[in-house]
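One letter stands for each residue in the lines below.
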Amino acid sequence: MSSAQSLIGSGSVDIVAGRPASVAHLFLDRVAATPNGEAYRYPVPVDEHAADGAPGAEQWRSLTWAQTAVRVRAVAAGLMSLGIRTEDRVALSSSTRVEWIIADLGNMCAGAATTTVYPSTNADETAYLLANSGSRALFAENSAQLDKVVSQLGQLPELRTVILFDAPDQLPEPAGVAVLTLAELERLGTEYLEEHPDAVDKSVAALDREQLATLIYTSGTTGRPKGVRLVHDCWAYEGRAQEASGLLRADDVQFMWLPLSHVFGKTLISGQIATGHVMAVDGRVDRIIHNLPVVRPTMMASAPRIFEKVYNGIAGKARAEGGAKYKIFLWAAKVSREYARTAQASRIATGRESVPFGLKLQHSLADKLVYAKIRAAFGGRMRGSVSGSAALAPEIGYFFAGAGVPILEGYGLTETSAGSTVNREEDFRVGTVGQPLPGTEARIAEDGEILLRGPGVMRGYHELPEQTAEVLEADGWFHTGDIGELDASGFLRITDRKKDMFKTSGGKYVAPSEVEGKFKAVCPFVSNILVIGNGRNFCTALIGLDEAVIMPWAAGHDLAGRSYGEVVAAPQTQALIEGFVQKLNGDLQRWQTIKKFTLLPRDLDIEHGELTPSLKIKRPVVERTYADAVTEMYAGTLEA
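Each chain has its residues counted from 1, running along the sequence as written. The model is predicted, so local features are restricted to residues of pLDDT at least 70 and side-chain atom pairs to those at 80 or more, both for listing and for counting; the totals for chains, interfaces and linings are taken over all residues. Just so you know, side-chain values use all the structure's heavy atoms and leave hydrogens and water out.

**Quick notes on the sheet that holds strand β4 (residues 89-93)**
To keep things clear, this is the line we draw: Note on pairing: two strands pair once DSSP finds at least 2 bridges between them. Each helix corresponds to a stretch of at least 4 residues labelled H or I by DSSP, and each strand to a stretch of at least 2 residues labelled E; elements are numbered beginning at the N terminus. Every axis in this analysis is a line fitted to C-alpha atoms, fitted for helices over the stretch in contact. Angles between the N-to-C directions lie between 0 and 180 degrees. By definition in these notes, contact holds between two residues if any of their heavy atoms fall within 4.5 Å.
The strand order β8-β7-β6-β4-β5-β9-β10 describes an open sheet built from seven strands, whose pairing is mixed. The sheet is open, and its two edges are formed by β8 (178-181) and β10 (227-231), each paired on a single side. When strand polarity is set aside, the average angle formed by the axes of neighbouring strands in this sheet is 20 degrees. Bridge count for β4 against strand β6 (residues 137-140) is four bridges, and the pairing is parallel. Paired with V90 across the bridge in β6 is A137. Contacts between helix α7 (residues 182-195) and the sheet are confined to β6, β7 (161-164) and β8, with β8 contributing the most and set at about 90 degrees to the helix.

Structural data, given as structure tokens:
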């Protein structure tokens, strides 16, 4: 195998090299080191419901590391009492909550392997994941998750037990599977430990770093998902690497809302245990904006869509207020981007930030008028926010960097335990995904594909040796399928998915994500965009608008009272988006420009199978769903 460039992450590699065999070891070491330190915060209702029937008030409770350990040990011992043994798969289907973490750690301490299942997964696919993994037990969030399994029990001969986080007053008794509550499992574990007090310690001591720890199924854009085999060493490495890189610190308060069934959220648990910082856990997306000022995190990880929505929301509110306020926002946004670009260029050229005095004055004024409010919305003390799972539009990145909420873009895949490269707070470069974590190697093949090697790389796809061989070389290099570049300082830039790039009928290559990212930067109303043009003589786009932003605009443009579908079909809306498309085209090569577009009658979503749970667009699904719209856009052309 030849390559154009190669780089190994440096800095504190010795810390990474001395990692323990598993996160279970890391966890018990953490408990011993800081037993009384705060580990997790989680919301609980103050009362069942308010008087008007709306959800009642909430308060945040805490668990120390010692208190967490008591529960984790009880879960691990409870699983042992049920006959769960080394590398037995135990599935977890729940939204992000503190019980998810306790169950996962309990699995690992028992020597079992966790099969992660998104709670939004339908019954058929849930059954496939449980059957393919051979899961013997399942942690289910509630009756809805249990019902999906009960309806498919005929396909699940290995499944013996379901443990519910939230249980009804009367537990169901389906034939062939035992149902108990998490509290009952912990009680069983406590009783088991009375007879076998060192059972969990012996189990953890016996863990081998190459033993299976987790099966995470790639959500994929086509076909059945593949089970990615991540061993204990993958997670132990991630924990130490995140700590050694300075990405996470002992004094952080991290807000965790990401789906823990996804590798991005899961890997941050390892880093949190390694550093011992506080993690506030609440996976309810509709509570993010409310929770941030309450939790006041110093660190948060997110998908780019959240930052795009925040930016669109700020811009939309300013536009609705109109007049001077909107002009001030537009000016402040321009200053923010210019300031961030100038500071970054200075860091790259001289190693320190230097900004012209006039720009510094403008930035200081804009900070008082606009940026301070943005930081307050994030809790007021965010030192950085990690972005991953999809590309962040650089214009969004520059805006937040200039506003004092730097977005530290990173890169990784399910197959690499997520964390492979990341920008550091002290030297981040918008438009890149940072440098490799300590102990990870990055390489660019001659065709431009990014190759990765390191302890975080999977050991293969579950029961799919041929597909494993297609992406994983004998010497450990993993073929990511992404195209990118490494600069002289080791910063990686992703240019596109290898399989997503297409060639027009005129022979020109187009990287759709580049065009899509540019459009998101110029159009504050867009939610999702899919650029089409493979084998065609020009590019088109399917565009979904952000309902929360477009509807207030519509109310002020003679469209009040109309439904979302009616608004996007209205001539006023078409003209609005046409203006942004023309603005986009002015910044593109001729063959990249969008000649026609279609506004979708609804935004893309997970429920219709158009987005993965990590909010990536399933391009083939969307193109099939809106095939008629695509055909219409090319009507009258040679390929129609």
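**Regarding the sheet that holds strand β24 (residues 526-532)**
In spatial order, the strands read β24-β25-β26; together these three strands make up an open sheet with mixed pairing. Both outer strands of the open sheet, β24 and β26 (594-599), are each paired with one neighbouring strand and no more. Averaged over all neighbouring strand pairs, the angle between strand axes comes to 25 degrees, with direction disregarded. Note that strand β25 (residues 539-545) and β26 share five bridges and pair parallel. Directly across from L542, in β26, lies its bridge partner T598. In the packing of helix α17 (residues 512-522) onto the sheet, contacts are made with β24, β25 and β26, and the angle to β24 comes to roughly 150 degrees.

**Some points on the side chain of T116**
Worth spelling out the cut-off: Using a 1.4 Å probe on the protein chains alone, a residue whose accessible area is under 20% of its type maximum counts as buried, one over 50% counts as exposed, and one in between counts as partly exposed. Nitrogen and oxygen atoms within 3.5 Å of one another constitute a polar contact, given that in protein one can donate a hydrogen and the other can accept it, and given that sequence-neighbouring residues count only through two side-chain atoms.
Here T116 shows up in strand β5 (residues 113-117). For T116, a relative accessible area of 4% puts it in the buried group. Of the polar contacts made by the side chain of T116, one reaches the backbone oxygen of S261; its length is 3.0 Å. When residues no more than four places from it in sequence are discounted, the contact partners of T116 are L92, W100, L129, T214, L215, I216 and S261.

**As for the packing of aromatic side chains**
Threshold: Stacked, tilted and edge-to-face are the three classes assigned to paired rings of Phe, Tyr and Trp, where Trp is represented by its six-membered ring and a pair needs centres within 6.5 Å; plane angles under 30 degrees give stacked, over 60 edge-to-face, the rest tilted. Criterion for a charge above a ring: Lys NZ or Arg CZ within 6 Å of the ring centre, and within 35 degrees of the ring normal.
All told, the structure shown has 12 aromatic pairs when counted by the stated rule. Centre to centre, the rings of F525 and F580 are 6.0 Å apart; their planes meet at 55 degrees, and the pair counts as tilted. Of this pair, F525 sits in the loop between α17 and β24 while F580 sits in helix α20 (residues 571-585), placing them 55 residues apart in sequence. Note on accessibility: F525 and F580 belong to one class, buried. Linked through ring pairs, F307, Y311, F329, F378, F399 and F400 together constitute an aromatic cluster. Geometry around Y398 places R341 over its ring, the cationic atom sitting 4.5 Å from the centre. Here the basic side chain of K508 rests over the ring of W591, its NZ or CZ set 4.4 Å away from the ring centre.

**Focus on the pairing of strand β2 (residues 38-45)**
Note that β2 and strand β3 (residues 58-64) share seven bridges and pair antiparallel. Across the sheet, residue E38 finds its bridge partner in β3, namely T64. Taken together, the two bridges between β2 and strand β12 (residues 278-281) define a ladder with parallel strand orientation. Considered in β12, the bridge of Y40 is made with M279.

**A look at empty space enclosed by the protein**
Spelled out, the test is: The way it works is a 1 Å grid over only the protein atoms, where trapped points that fit a 1.4 Å probe form a cavity and open points with protein on both sides within 12 Å along at least five of seven lines form a pocket, and then any residue with an atom within 4 Å of a point lines it. Grid points are joined across faces, edges and corners, and a volume is the space filled by probe spheres set on the points.
Under the counting rule described, the total for this entry stands at four cavities of 30 Å³ or more. Considered as a void within the structure, the largest cavity measures approximately 60 Å³ in volume. Forming the boundary of the largest cavity are L392, A393, P394, G397, I407, E409, N423, F428, R429, V430, G431 and T432. For the lining of the largest cavity, the elements supplying multiple residues, two or more each, are α15 (394-402) and β15 (407-411).

**Considerations on the packing of helix α2 (residues 23-33) against helix α3 (residues 65-81)**
Applied cut-off: Every angle not falling under 35 degrees, over 145, or within 65 to 115 is termed oblique; those three ranges are roughly parallel, roughly antiparallel and roughly perpendicular. Each crossing is labelled by how the near helix is turned from the far one, with a counterclockwise turn of less than a right angle marking it left-handed and a clockwise turn marking it right-handed. All amino acids are sorted into three groups, where Ala, Val, Leu, Ile, Met, Phe, Trp, Tyr, Cys and Pro are nonpolar, Asp, Glu, Lys and Arg are charged, and the leftover types, Gly among them, are polar.
Between α2 and α3, the shortest axis-to-axis distance is 9 Å and the interhelical angle comes to 140 degrees. Comparing the axis directions of α2 and α3 gives the class oblique. At the point where α2 passes α3, the crossing takes the left-handed sense. Two secondary-structure elements touch here, α2 through F27, L28, R30 and V31 and α3 through W65, A66, T68, A69, V72 and R73. For the contact of α2 with α3, a count of residues per class yields seven nonpolar, one polar and two charged.

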